[in-house]
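Listed below are the residues making up each chain.
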Amino acid sequence: MAQMLTPQEAAEAMFNMVKEATGLRKLKPMDLTKNLLEAYGDRVDKQICKEAIKELVDSGRCVYTYFGGTYLELPHREGAAND
Amino acid sequence: MADEFPKTPLLDELEKGAWPSFVSEIKMAAKRNAASRDLLGLLERSYREKIGHWKHGGIVGVLGYGGGVIGRYCDVPEEFPNVSHFHTIRVNQPSGWYYSTSALRKICDIWERHGSGLTNMHGSTGDIILLGTRTDELEPTFSELTEVGFDLGGSGSDVRTPSCCLGKSRCEWACYDTMALTYDLTKSFQDELHRPAFPYKFKFKMSGCPNDCVASVARADISIIGTWRDDIRIDHDAVMEYAEKGLDIQKHVVNFCPGKCMEWTGKKLTIDNSTCRHCMHCLNLMPKALRPGKDQGAVVLIGSKAPIIEGALLSSVLIPFWNPQPPYSDLKDLVGRIWDLWCEEGKNRERIGEFIQRVGMGNFLEMIGVEPIAEMVAHPRENPYVFYEEYLVEDDGEEEEGQN
Ligand code: SF4
Ligand code: SF4
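**What about the pattern of salt bridges?**
In a structure, side chains of opposite charge can pair up when their charged atoms sit close to one another.
Then, in step 1: Taken as a whole, this structure holds 24 salt bridges over all chains when the rule is applied.
Then, in step 2: Two residues, Asp340 of chain B and Lys46 of chain A, come together in a salt bridge whose shortest N-O distance is 3.8 Å. Residue Asp340 of chain B is found in helix H12 (residues 329-345), and its partner Lys46 of chain A is found in helix H3 (residues 46-58); the two belong to separate chains.
Then, in step 3: Taking relative accessible area as the criterion, Asp340 of chain B reaches 42% and is therefore assigned partly exposed.

**Regarding the site of ligand 1**
Then, in step 1: The local shell around ligand 1 consists of Cys165, Cys171, Trp173, Ala174, Gly208, Cys209, Asn211, Asp212 and Cys213 of chain B.
Then, in step 2: Of the residues assigned to the shell around ligand 1, the class counts are six nonpolar, two polar and one charged.

**Description of a nonpolar patch on the surface**
Then, in step 1: Together, Leu10, Leu14, Phe22 and Tyr47 of chain B give the surface a local cluster of nonpolar side chains, amounting to about 350 Å² of exposed area.
Then, in step 2: Residue position: Leu14 of chain B is located in the loop between helix H1 (9-13) and helix H2 (22-30).

**Quick look at the packing of helix H1 (residues 7-21) of chain A against helix H2 (residues 29-40) of chain A**
Residue and element names in this part refer to chain A.
Then, in step 1: Two elements in contact, H1 and H2, have axes whose closest approach is 10 Å; the angle formed by their N-to-C orientations is 115°. Here H1 lies roughly perpendicular to H2, going by the angle between them. In terms of crossing hand, the pair formed by H1 and H2 is right-handed. Along its contact with H1, which presents Ala10, Ala13, Met14, Met17 and Val18, the element H2 presents Leu32, Thr33, Asn35, Leu36 and Tyr40.
Then, in step 2: A class-by-class count of the residues in the contact of H1 with H2 yields eight nonpolar, two polar and no charged.

**A few points about the domain arrangement of chain B**
Residues and elements named next belong to chain B.
Then, in step 1: Assigned domains of chain B: these are domain 1 (9-147), domain 2 (163-228 + 295-390) and domain 3 (233-291).
Then, in step 2: Using C-alpha coordinates to define each centre, domain 2 is positioned 30 Å away from domain 3.
Then, in step 3: Listed per partner, the contact involves eight residues of domain 2 and eight residues of domain 3.
Then, in step 4: Across the domain 2 to domain 3 interface the summed buried area is about 730 Å²; carbon plus sulfur atoms make up 61%.
Then, in step 5: Its largest share of buried area at the contact with domain 3, domain 2 owes to Trp173, Asn211 and Trp228, together 71% of the area lost on that side.
Then, in step 6: Linking domain 2 to domain 3 there are zero salt bridges.
Then, in step 7: Summed over the shared surface of domain 2 and domain 3, the result is three residue pairs in polar contact (both at pLDDT 80 or more).
Then, in step 8: Within the side of domain 2 that touches domain 3, the residues separate by chemical class into four nonpolar, three polar and one charged.

**Re empty space enclosed by the protein**
Residue and element names in this part refer to chain B.
Then, in step 1: If you walk through the whole model with that rule in mind, you get two cavities of 30 Å³ or more.
Then, in step 2: Reported here for the largest cavity is a volume of approximately 90 Å³.
Then, in step 3: Around the largest cavity sit 15 residues that line it, and Cys257, Cys276, Cys279, His281 and Cys282 are the ones nearest its centre.
Then, in step 4: Among the elements that line the lining of the largest cavity, the one with the most residues is helix H11 (residues 281-285), at three residues.
Then, in step 5: Looking at the lining of the largest cavity residue by residue, the classes come out as 12 nonpolar, two polar and one charged.

**Let's talk about the packing of aromatic side chains**
All names here are of chain B.
Then, in step 1: A full pass over the atoms with the stated rule returns 13 aromatic pairs over all chains.
Then, in step 2: Relative to Trp342, the ring of Phe198 lies with its centre 5.3 Å away and its plane at 40°, an arrangement referred to as tilted. Pair noted here: Phe198 is in the loop between helix H7 (190-194) and strand S7 (204-207) and Trp342 is in helix H12, with a separation of 144 residues, a long-range link. There is no split in this pair, since Phe198 and Trp342 are both buried.
Then, in step 3: Between the aromatic rings of Phe202 and Trp342, the centroid separation amounts to 5.6 Å while the plane-to-plane angle is 50°, which identifies the pairing as tilted. Of this pair, Phe202 sits in the loop between H7 and S7 while Trp342 sits in helix H12; the two residues are 140 residues apart in sequence, bridging distant segments of the chain.
Then, in step 4: When its relative accessible area of 0% is taken as the criterion, Trp342 is described as buried.

About the thresholds
Numbers given for residues are sequential positions, taken from 1 along each chain in its written order. Labels follow written order: the first chain is A, the first ligand is 1, and so on. Residues qualify for local features only when their pLDDT is at least 70, as the model is predicted, and side-chain atom pairs are given and counted only at 80 or more; totals for whole chains, interfaces and linings, by contrast, use all residues. Only heavy atoms go into the side-chain values, all of them from the structure, while hydrogens and water stay out. Within this document, salt bridges are pairs made up of a side-chain nitrogen of Lys or Arg and a carboxyl oxygen of Asp or Glu, the two lying within 4 Å of each other. Under the scheme used here, helices are H or I runs from DSSP no shorter than 4 residues and strands are E runs no shorter than 2 residues, and both carry numbers assigned from the N terminus. Between buried and exposed lies partly exposed: a residue is buried under 20% and exposed over 50% of the maximum accessible area for its type, with that area taken using a 1.4 Å probe on protein chains only. Throughout, the term near means that a residue has one or more heavy atoms lying within 4 Å of the molecule or strand in question. For this scheme, ten residues count as nonpolar: Ala, Val, Leu, Ile, Met, Phe, Trp, Tyr, Cys and Pro. Four count as charged, namely Asp, Glu, Lys and Arg, and the remainder, Gly too, count as polar. Note that patches include only residues with greater than 30% relative accessible area and no salt bridge, and the join distances are 9 Å for like charges and 5 Å for nonpolar side chains (Val, Leu, Ile, Met, Phe, Trp, Tyr). For every accessible area listed, the method is Shrake-Rupley and the probe measures 1.4 Å; residues are considered covered only by the protein chains on display. Simply put, an axis is a line fit to the C-alpha atoms, just over the touching stretch for a helix, and the angle between two N-to-C directions goes from 0 to 180 degrees. When an angle is under 35 degrees it counts as roughly parallel; over 145 it counts as roughly antiparallel; between 65 and 115 it counts as roughly perpendicular; any other value is oblique. Crossing handedness is defined as follows: a turn of the near helix away from the far one that is anticlockwise and smaller than a right angle gives a left-handed crossing, while the clockwise case is right-handed. Working rule for contacts: check all heavy atoms of both residues, and any pair within 4.5 Å makes them a contact. As used throughout, domain bounds are those supplied by an automatic or database domain assignment. Note on terms: buried area is the combined drop in 1.4 Å-probe accessible area of two parts once they are placed together, counting the loss on both. Polar contacts here mean pairs of N or O atoms no more than 3.5 Å apart (in protein, one a potential hydrogen donor and the other a potential acceptor; neighbouring residues in sequence count only if both atoms are side-chain atoms). Grid points spaced at 1 Å over the protein atoms alone were grouped into cavities, where a 1.4 Å probe fits but cannot get out, and pockets, open sets with protein on both sides within 12 Å along at least five of seven lines, with lining residues defined by an atom within 4 Å of a point. Grid points are joined across faces, edges and corners, and a volume is the space filled by probe spheres set on the points. Each pair of aromatic rings taken from Phe, Tyr and Trp, with Trp reduced to its six-membered ring, is defined by centres within 6.5 Å and is described as stacked if the planes are under 30 degrees apart, edge-to-face if over 60, and tilted in the remaining cases.

As structure tokens, then:
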């Protein structure tokens, strides 16, 4: 059986996806899960993806944003913010 | 603006009349609080110009959570600096909205220290709504709230804070323990509540009987409404007492029965329970004489929503009779299957009800492994989306050709 990704490895892969998509399109947690499942096949499952997202958010490497739906993005100063 | 009390001739109009006024409440808070003063000024300006002055903030929140904070900034911060940031915090309410006065005092004290002091008890989601604070006050507020036993509620594409009527704690109509189920679901779905992972929001609302005091049938993705499946209990002496005291049973009770299943002879009331719609009309009018049957449980419905993106939807029956018993594993398994499918196939910002409309109820039921049954149909011939394949006769193509 293929070696499963650890949640940390999955988090790293998701982080790279978010980084690459920055400025181009916003990714939902669901998109990241689907992308990872597609990229790594049976080396990841939904539980690992869930833990990976938790890892990304708890560490502050990604933040949840809300623009009609909820997305995961790199931390940034948003346009609407006032000082 | 800051220190002076703004002139608000338009808002003042909203203080007139017999009803409580949010303007009076904000004015009361404004005596002590600069944010409330600026809020009055900003609101008056919006009324005058007929234009809103709020911008949506998308990335404010507390560390680790994807819900519970709704970001707001004012678009004229130079004029109204104290509402330059005016974020809303949603706090998970206790089931049935029971508080001790000391718990309420603690919430208010925290909010006066860290926010505008203005609250909305409660928002349409059911949460305690704390209105108006700055980004740098979010973490301290959250940390103090958790110290006194409160947590944030849901917002965004997550499980929204489950809410329920007060059920068996005070209401004689309750057919199951709404508060216990709500508490359990809230605890079980913490991850889904705080970490948005769905195409859109997902709401659970629990009502103890078909009176549906939390309006779950119109607003919840999963509505769980108490019901019974045996006969309405009748106390005939109490029925006579109502009649003697002047209730026109024929006119006000029997004639309004949507199931046309009641008969009143002037001395005796009978109910044909096989056609009763469980609408609660007769029970509400004669609460001392009629009670729900003893075989009680709940009906689980799916798919309602208020109109935001598309039109309003009412729930459809998913499980006609469910016996809610802890740990409610059967319901949680079913919900898990629904979420898996919706996350897989749902479009961005598509509520589960809209998803069902798109794929068809028959397909949806098949995909989540639920058999279609007659109780899911409101009226005969109303649900053309369910096909019973065993009744379909294979045709040889001739008929089809003839029709074209
Ligand atoms: S929904 Fe029914 S059980 Fe719940 S409070 Fe209302 S009347 Fe009572
Ligand atoms: S509950 Fe409604 S449908 Fe049933 S008997 Fe009473 S009035 Fe008729």
